[in-house]
Amino acid sequence: MPRTLPLTETLLSALGGVPAQTEPLDSSPRSRVWRVRRADGRPVIVKQITDDGDAGADADARFARELTGLRLAGRGSVAPALLAADPAARVLVLEYVDDLGRTDDWPGLRPLPTADARPWY
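A quick note: this is a predicted structure, and the numbers were derived from the prediction, not measured.

Asks: Mind laying out the sheet that holds strand E4 (residues 82–86), listing which residues take part and the relevant values?
Replies: Where strands meet in a sheet, backbone hydrogen bonds hold them as pairs that are either parallel or antiparallel. Read across the sheet, 5 strands follow the order E1-E2-E3-E5-E4 without closing on themselves; strand pairing throughout is antiparallel. The sheet is open, and its two edges are formed by strand E1 (21–25) and E4, each paired on a single side. When the angles between neighbouring strand axes are averaged without regard to direction, this sheet yields 20°. Summarising the sheet, strand E3 (residues 43–49) and strand E5 (residues 91–95) pair through 5 bridges and their orientation is antiparallel. Residue pairing in the sheet places Val-46 in a bridge with Val-93 of E5. Of the strands in this sheet, E3, E4 and E5 are in contact with helix H2 (residues 59–75), which crosses E5 at around 20°.

Asks: Residue-level account of the nonpolar core, with values.
Replies: One finds Leu-5, Leu-11, Ala-14, Leu-15, Trp-34, Val-36, Val-44, Val-46, Ala-84, Ala-89, Val-91 and Val-93 forming the largest nonpolar core, which totals 12 residues. Listing elements by their share of this core, those giving two or more residues are helix H1 (9–15), strand E2 (31–37), E3 and E5. Every residue in contact with Leu-11, bar those within four places of it in the chain, is listed here: Leu-5, Pro-6, Val-46, Val-91 and Val-93. Counting residues in hydrophobic clusters, the runner-up holds 9 residues, among them Ile-49, Ala-59, Leu-67 and Leu-92.

Asks: Describe in detail the pairing of E2, supporting the description with residues and values.
Replies: Counting buried positions along E2 gives 5 out of 7 residues, so the element sits mostly inside the fold. Direction of pairing for E1 relative to E2: antiparallel, over a ladder of 5 bridges. Opposite Glu-23, over in E2, you have Arg-35 as the bridge partner. Counting the residues between successive antiparallel strands, the hairpin from E1 to E2 contains 5 residues. Pairing between E2 and E3: 7 bridges, direction antiparallel. Note that in E3 the partner of Arg-35 across the bridge is Ile-45. Between E2 and E3, which pair antiparallel one after the other, the connecting turn spans 5 residues, and Gly-41 there sits at a positive phi close to 95°.

Reading the values: rules and limits
Residues numbered from 1 in each chain as written. Predicted model: local features only at pLDDT ≥ 70, side-chain atom pairs only at ≥ 80, totals over all residues. Heavy atoms only, no water. Pairing = 2+ DSSP bridges. Helix = DSSP H or I, 4+ residues; strand = E, 2+ residues; numbered from the N terminus. Axes fitted to C-alpha atoms, helices over the stretch in contact; angles between N-to-C directions. Contact = heavy atoms within 4.5 Å. Core = buried A, V, L, I, M, F, W, Y, C linked by side-chain atoms within 4.5 Å. Buried < 20%, exposed > 50% of the residue type's maximum accessible area, 1.4 Å probe, protein only.

As structure tokens, then:
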């Protein structure tokens, strides 16, 4: 698969035309990800599931699972909104979410207990 942004008709429609800017982001060998500035200036994330990285993997099945997961997670506001999908090209267009950095209200970021702390179990 090419490493350039797949400008399918579905993607162009979701982006409001030819994007103003694209920037490839690091991703696994099984996908390609870009930060894209739409024609209207708003940023989005475009992700394409590829055949690369896993000889036994079925990219269409992985795309279907990811699409389903994003739709379900989007119901609870725990994932970026899914703005568009092009199953033929295995492309997802997602809401861009700014990095908030470390926040005190994230439960996974509590300090580890000291060695003399009593175990919780």
